[in-house]
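# Inside the fold
Chain by chain, the residues:
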Amino acid sequence: TRVLASTYRDHIILCGLGHVGYRILERLLHWHLDVVVIEKNTESSFLARTQQMGVPVLLMDARQEESLEAAGLHHARTLVIATNDDLANVEIALDARRLNPHIRVVLRMFDENIANKLRDAFHLEVAFSSAAAAAPLVAASVLDLDILGSFTLDGRELFTARIVVGKESPLCGLSIAQLVETHRVMVLSRKCGETPGHLGPAPDEKLAAGDVLVLHGELDTLRKLGRLAR
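Residues numbered from 1 in each chain as written. Predicted model: local features only at pLDDT ≥ 70, side-chain atom pairs only at ≥ 80, totals over all residues. Heavy atoms only, no water.

With that settled, consider the overall build of the protein chain. The helix and strand tally for the protein chain stands at 9 helices and 11 strands. In terms of overall dimensions, the protein chain is globule-like: its C-alpha atoms have a radius of gyration of 19 Å, near the 17 Å expected for 230 residues. Judged by the C-alpha coordinates and their principal axes, the protein chain covers about 60 × 35 × 30 Å. With 230 residues in all, the protein chain has 50% of them scored as buried. For the protein chain, the share of sequence-separated contacts (at least 6 apart) that also reach a separation of at least 24 residues comes to 60%. (Helix = DSSP H or I, 4+ residues; strand = E, 2+ residues; numbered from the N terminus. Rg over C-alpha atoms; globule rule 2.2 N^0.38 Å. Buried < 20%, exposed > 50% of the residue type's maximum accessible area, 1.4 Å probe, protein only. Contact = heavy atoms within 4.5 Å.)

Another aspect to go through is the packing of aromatic side chains. Taken as a whole and judged by the stated rule, the model has 2 aromatic pairs. Where Trp31 meets Phe159, the ring centres are 6.5 Å apart and the plane angle is 70°; that geometry is what we call edge-to-face. Here Phe159 lies in strand S8 (residues 156–164) and Trp31 lies in the loop between helix H2 (19–30) and strand S2 (35–38), a separation of 128 residues in the sequence. One exposure class covers both Trp31 and Phe159, and it is buried. In this structure, Arg49 is placed above the aromatic ring of Tyr22, and the distance from its NZ or CZ to the ring centre is 5.2 Å. (Phe/Tyr/Trp six-rings, centres within 6.5 Å; stacked < 30°, edge-to-face > 60°. Lys NZ or Arg CZ within 6 Å of the ring centre and 35° of its normal.)

Moving on: unusual backbone geometry. Even without being a glycine, Asp10 presents a positive backbone phi close to 55°. The phi dihedral of Arg184 falls on the positive side, at around 55°, and the residue is not glycine. The exposure class of Arg184 is exposed, given its relative accessible area of 65%.

Another point: the nonpolar core. The nonpolar side chains of a soluble globular protein tend to be buried, and buried together. Ranked by size, the top nonpolar core spans 37 residues in total, and within it Leu25, Val37, Ile163, Leu171, Leu179 and Leu215 carry the most contacts. Every element with two or more residues in this core is listed here: strand S1 (12–15), H2, S2, S8, helix H8 (176–183), strand S11 (212–217) and helix H9 (219–229). At 5 residues, the largest contribution of residues to this core is made by H2. (Core = buried A, V, L, I, M, F, W, Y, C linked by side-chain atoms within 4.5 Å.)

Structural data, given as structure tokens:
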């Protein structure tokens with residue numbers, strides 16, 4: 001398992017294979033993302049199912065640096081920490097940031113206030129409380145998108161995301177109407193430079209570098225637009 005995990009690149013490391021962790025894992029696999037799991041409980045009810053799906057599971061304590069190293073922390077895209085122990089989660093997050101300052105960290109905390117403070121203090125991309133641990137939303141947080149929310153409509157999962165239009169983006173010069181028609185998204189708001197953002201931008205407004213857009217649509221479409229924006 002360690003040898004297999006060492007071959008992964010641009011993957012997700014998931015710490016904790018409880019009920020929340022397993023639901024997140026299912027979503028990540030549904031999106032065809034490579035995942036390495038770290039779980040210290042050899043009696044986990046989800047262990048056998050995860051191994052049968054071909055996911056490498058390291059039976060180690062994620063608080064030990066060697067477990068993060070064995071999971072390929074230096075080559076991973078994102079670290080998702082979803083154990084049931086708040087203090088352990090914080091310890092893992094701080095160790096991971098020290099070992100790889102560029103790793104994206106998605107941290108689970110039961111106390112939402114503490115989660116928000118940790119996010120601000122340690123520049124974590126996402127810190128979610130137990131109450132906010134809806135699997136689709138948390139799983140989507142590992143991607144290179146600023147995910148704001150999600151819900152299901154007629155069996156389809158829809159997400160709301162914030163993107164920033166870069167200087168060299170091919171989106172520059174497109175009108176809101178062209179963006180909507182070409183990419184099948186809903187533009188909820190647009191913020192231009194230092195001016196306040198406004199809801200429901202007009203169809204003829206032209207996108208420019210530095211624009212901050214809040215969009216609503218399917219995840220694959222939002223991921224594509226995120227790449228185009230950068």
